[in-house]
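Take a look at the letters that make up each chain.
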Amino acid sequence: MVLGVAMESELPHGKLKSIRRVLDAEPLLPPTLMELLTWASAYYHYPIGEVMATALPVLLRRGLPATAAGEKYYALTDAARQLPPEAFKRSPLQQRLVQTLREHVEGLSAEALAEVVKNWRDAMNRLKARGFIRVTEKPCLPPRPAGQHSAPQLSEAQEEAGAVIQAAAGKFQCLLLLGVTGSGKTEVYLRAIEEVMARGGQVLVLVPEIGLTPQLVTRFEGRLNAPVAVMHSGLNDSERLCAWQMARTGQAAVVIGTRSAVFTPMPKLALIIIDEEHDASFKQQDGFRYHARDVAIKRARFENLPVLLGSATPALESLHNAQQGRYQLLSLPERTGAAQPPRVALLDLKRLKLNEGISPPLIEALQERLRRKEQSLLFLNRRGFAPVLMCHDCGWLAPCKRCDARLTIHQRSHKLRCHHCGAEAQLPATCPACSSANLHGIGEGTERIETALTRLFPQARIERIDRDSTRRKGALEEKLRRVHAGEADILVGTQMLAKGHDFPNLTLVGVLNADQGLYSADFRSEERLVQQLVQVAGRAGRADKPGEVLIQTHHPDNPVFAALAHHDYREFGNYALAERAAAQYPPFAHLALLRAESPKPDAALTFLRAAHDHAQGLVEAEVVHLMDPVPSPMERRAGRYRAQLLVQAGERKALHDFLNAWLTQLEAEKLGRKVRWSLDVDPVEMY
Ligand code: ADP
Ligand code: ZN
Ligand code: ZN
């Protein structure tokens, strides 16, 4: 990639490479995007080459020219069709190909062909040379859907939000749409997109995970009646390149994508929307550790356009920015139509006797829903059968050999699995320490709850939705279809179920263990817990039937739950922001985390201690503050010992000046070659 031209260089001639051939007739990325990438490289202290690699589709990185090539389809020409089958019998491979293609008049893709005939390419080329094959390219955008779905009459609050968004057109402004679940945020997005499209502009929509909410894309396509390019990790390389080209040439009016879509070139970009802006998946957790929301805001500034952040549970950083007047706050305080907020009740686990993790009032509420033929959802953020396998005779607990963690029991597949490194072992019949057969699972995972429900409610149809039960392609879609068709009574699942789904007949949500996120080492865990609970509670009572949310907890007095019961996220926000201010955590300070890891027990800490020493010469103690290096909360993971060093600063500029000077020293530090280390600017995960 050529970034610039210079007449001189301080590098020796031998180190410089010459340009042998220019692949593209025009620059791949427009100047504003180059400016964004350069900024991101400096801000995240990550090499520009790697940053650019993130921004480009894989095929371009491999040197293919940028042409919008749809997937290739191979079909027989008329000449081939008129020949008798025996004509190809001298080459069995060619004959197989011809026979296969006879049944597929439209042609087959390379992928489909490979499934039928292994090593098909040579034979195909020979057939093609003889004029028997026609190659076409399928357009990479799906054809426009035929019927357009009509938009509902917007509520007053929706209209108001829409008017502010429209007024922001053509200039940089950050808008935060805070709308309770089911308040019609998506309708506000759609309206804003329609307005931009009417003016001939493009819109970039960033979403956390497309795989989990396939109906979102369908809803956009059905309503907008326009080409929508979808960019997510499930695309193959040519599909990705194609969607990218559609965006870059302006043919796609709307691009919906996950994290990395923030770098898609769009010549007529006029609005960026970030749905569920609080979601942690917008932050890349390895390599180039950028935050797509923050990059999107920077992009909007560079390109002078408005950016709309939407959430029922905004990140505390965003909420703070709105309170400070840096973002304009738009709010949708009520659910649409007749839907009322669900009633939230706390079940005090100190006083209740559990039946395999489920308390009597919750069992009764489930029974009631079955009688009324309504659906229920049980939420438990832990997959597998039980998180610990224990020997009741000697106290042995099944450990992971490579992590400081226990193995999770997966009863269905008779396996023990580590949820941190992926290690797997057979479920033992006897204790490896004392040979006793008295082995038991401690605690509950979704699999165990599913089993318990089958026993408690033999007549109920139960659907478990978690990463294990949806591994097969299409499995999630099929499960969601059954739920929507009323073919399921009780859903059990992890956070996969919390996001964005609209189940009109679902009136009960049970949270089995709300305490997993309380009192944790990570200062963000409480925020994350509330976000998750609000999201999952929002699944109850979305249509005209009132919803109920029952939360099992040992700590019913925690202020987190009060805010939840009052349906007031801002109440939680105020309380949590006051705590952050007192502790000088973001958004009241800026953080960077230096991480190191090594298979050798002390190497990571030794390196970080050296890094700490280097800093002493640089730090202006007033503005940049270094913590002591410490082992990570789970020190050993996948056989590596990990440690971290937190840097805190009151001002961004001071932090970055410091990091620049510090990194130069760290790169020269010999101890650094013995470990794997990385810098995370604005870390989201503190482990
Ligand atoms: P959110 O994105 O805030 O969760 P949605 O936009 O998905 O909310 O809206 C929730 C439900 O209410 C959807 O079924 C949607 O079609 C419907 N809806 C949204 N706005 C209106 C409106 N103004 N009138 C009637 N129904 C609406
Ligand atoms: Zn034992
Ligand atoms: Zn492990």
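Keep in mind that what you see is a predicted model, and the values were worked out from it rather than measured.

Draft legend 1. Examining the sheet that holds strand β8 (residues 269-275) more closely. Reading across the sheet, the seven strands line up as β6-β7-β5-β8-β9-β4-β10 and stay open at both edges, with parallel pairing between neighbours. Each end of this open sheet is capped by a strand with a single partner; those strands are β6 (228-231) and β10 (328-332). Across the sheet, the mean angle separating the axes of adjacent strands is 20° when strand polarity is ignored. Two elements, β6 and strand β7 (residues 254-257), share four bridges in a ladder whose sense is parallel. Bridging from a neighbouring strand, Ala 229 pairs with Val 255 of β7. Contacting β4 (173-179), β9 (306-311) and β10, helix α8 (residues 156-167) runs over the sheet at an angle of about 155° to β10. Against the sheet, helix α11 (residues 237-248) makes contact with β5 (202-206), β6 and β7, and its axis sits at roughly 135° relative to β6, the strand it touches most.

Draft legend 2. Structural context of the pairing of β7. Side chains of β7 alternate between two faces, with Val 254 and Ile 256 and Val 255 and Gly 257 buried alike. Note: β5 against β7, four bridges, orientation parallel. In the strand pairing of β7, Val 203 is matched with Val 254. Traced from β6 through α11 to β7, the parallel crossover comes out right-handed.

Draft legend 3. Local environment of the coordination of the zinc ion (ligand 3). Looking at the zinc ion (ligand 3), one finds its protein donor set to be Cys 400 (SG), Cys 403 (SG), Cys 418 (SG) and Cys 421 (SG), positioned 2.2 to 2.3 Å from the metal centre. In the primary structure, the donors to the zinc ion (ligand 3) are separated according to the pattern C-x2-C-x14-C-x2-C. Here Cys 400, found in the loop between β13 (388-391) and β14 (408-410), pairs with Cys 418, found in the loop between β15 (415-417) and β16 (424-426); they are 18 residues apart in sequence, far enough to count as distant. Since its relative accessible area comes to 3%, Cys 418 is described here as buried.

Draft legend 4. Quick look at helix α17 (residues 525-537). With 13 residues, α17 extends 18 Å between its outermost C-alpha atoms, agreeing within 8% with the 18 Å of an ideal straight helix rising 1.5 Å per residue. α17 sits mainly inside the fold: eleven of its 13 residues count as buried. Here α17 has its buried residues at Ser 525, Glu 526, Glu 527, Leu 529, Val 530, Gln 531, Leu 533, Val 534, Gln 535, Val 536 and Ala 537. Buried residues along α17 sit against α13 (316-323), β12 (375-379), β20 (506-511), β21 (548-553), α18 (559-565) and α19 (569-583).

Draft legend 5. Representation of the pattern of salt bridges. The final tally for this structure, using the stated rule, is 42 salt bridges. Among the ionic pairs, Arg 640 bridges to Glu 597, the shortest N-O distance being 3.6 Å. Of this pair, Arg 640 sits in strand β25 (residues 640-649) while Glu 597 sits in strand β22 (residues 590-598); the two residues are 43 residues apart in sequence, bridging distant segments of the chain. On the basis of relative accessible area, Arg 640 is assigned to the partly exposed category, the value being 22%. Each of Arg 343, Glu 368, Arg 369, Arg 371, Arg 372, Glu 374 and Glu 548 takes part in one network of salt bridges that share partners.

Draft legend 6. Up close: the coordination of the zinc ion (ligand 2). Within the protein, the atoms that donate to the zinc ion (ligand 2) are Cys 391 (SG), Cys 394 (SG), Cys 431 (SG) and Cys 434 (SG), at distances of 2.3 to 2.4 Å. Between the donor residues of the zinc ion (ligand 2), the gaps in sequence give the motif C-x2-C-x36-C-x2-C. For Cys 391, a relative accessible area of 1% gives the class buried. Relative accessible area serves as the criterion here: at 40%, Cys 394 is assigned to the partly exposed category.

Draft legend 7. Spotlight on the site of ligand 1. Near ligand 1 you find 16 residues, and of these Gln 153, Gln 158, Lys 185, Thr 186 and Arg 219 are the closest. Separating a nitrogen atom of ligand 1 from a backbone N or O atom of Gln 153 is a distance of 2.8 Å. One of the side-chain N or O atoms of Thr 336 is found 3.0 Å from an oxygen atom in ligand 1. In terms of residue class, the shell around ligand 1 is built from three nonpolar, eight polar and five charged.

Draft legend 8. Quick look at the packing of aromatic side chains. For the structure on display, the rule yields 15 aromatic pairs. Centroid distance Phe 288 to Tyr 290: 4.7 Å. Interplanar angle 35°. Geometry classified as tilted. For the pair Phe 288 and Tyr 290, one class covers both residues: buried. Each ring, one from Phe 523 and one from Tyr 585, has its centre 4.1 Å from the other, and the planes form 5°; the classification is stacked. Residue Phe 523 is located in the loop between β20 and α17, and its partner Tyr 585 is located in the loop between α19 and β22; the two are separated by 62 residues in the primary sequence. According to the relative accessible area criterion, Phe 523 is buried, its value standing at 17%. Through pairs of rings, three or more aromatic residues link up here, namely Trp 39, Tyr 43, Tyr 44, Tyr 46, Phe 263, Phe 288 and Tyr 290.

Draft legend 9. Just the packing of helix α5 (residues 92-102) against helix α7 (residues 120-129), in detail. Where α5 meets α7, the closest approach of the two axes is 9 Å, and the angle between their N-to-C directions is 80°. Of the possible angle classes, the one that applies to α5 and α7 is roughly perpendicular. Residues Leu 93, Gln 94, Leu 97, Val 98 and Leu 101 of α5 lie in contact with α7, whose contacting residues are Trp 120, Ala 123, Met 124, Arg 126 and Leu 127. Residues of the contact of α5 with α7, tallied by class, amount to eight nonpolar, one polar and one charged.

Draft legend 10. View of the side chain of Glu 463. Relative to the helices and strands, Glu 463 resides in strand β18 (residues 462-465). Overall, the relative accessible area of 6% leaves Glu 463 in the buried class. One polar contact links Glu 463 to Arg 482, side chain to side chain, over a distance of 2.9 Å. In contact with Glu 463, other than residues within four places in its own chain, are Lys 479, Arg 482, Val 483, Ala 488, Ile 490, Leu 491 and Val 492.

Reading the values: rules and limits
- Residues numbered from 1 in each chain as written.
- Chains lettered and ligands numbered in written order.
- Predicted model: local features only at pLDDT ≥ 70, side-chain atom pairs only at ≥ 80, totals over all residues.
- Heavy atoms only, no water.
- Pairing = 2+ DSSP bridges.
- Helix = DSSP H or I, 4+ residues; strand = E, 2+ residues; numbered from the N terminus.
- Axes fitted to C-alpha atoms, helices over the stretch in contact; angles between N-to-C directions.
- Contact = heavy atoms within 4.5 Å.
- Buried < 20%, exposed > 50% of the residue type's maximum accessible area, 1.4 Å probe, protein only.
- Right-handed = clockwise from strand over helix to strand, strands pointing away.
- Donors = N, O, S within 2.8 Å, 3.2 Å for Na, K, Ca; no water.
- Expected span 1.5 Å × (residues − 1).
- Salt bridge = Lys/Arg side-chain N within 4 Å of Asp/Glu carboxyl O.
- Near = heavy atom within 4 Å.
- Polar contact = N/O pair within 3.5 Å; in protein donor to acceptor, adjacent residues only side chain to side chain.
- Nonpolar A, V, L, I, M, F, W, Y, C, P; charged D, E, K, R; others polar.
- Phe/Tyr/Trp six-rings, centres within 6.5 Å; stacked < 30°, edge-to-face > 60°.
- Parallel < 35°, antiparallel > 145°, perpendicular 65-115°, else oblique.

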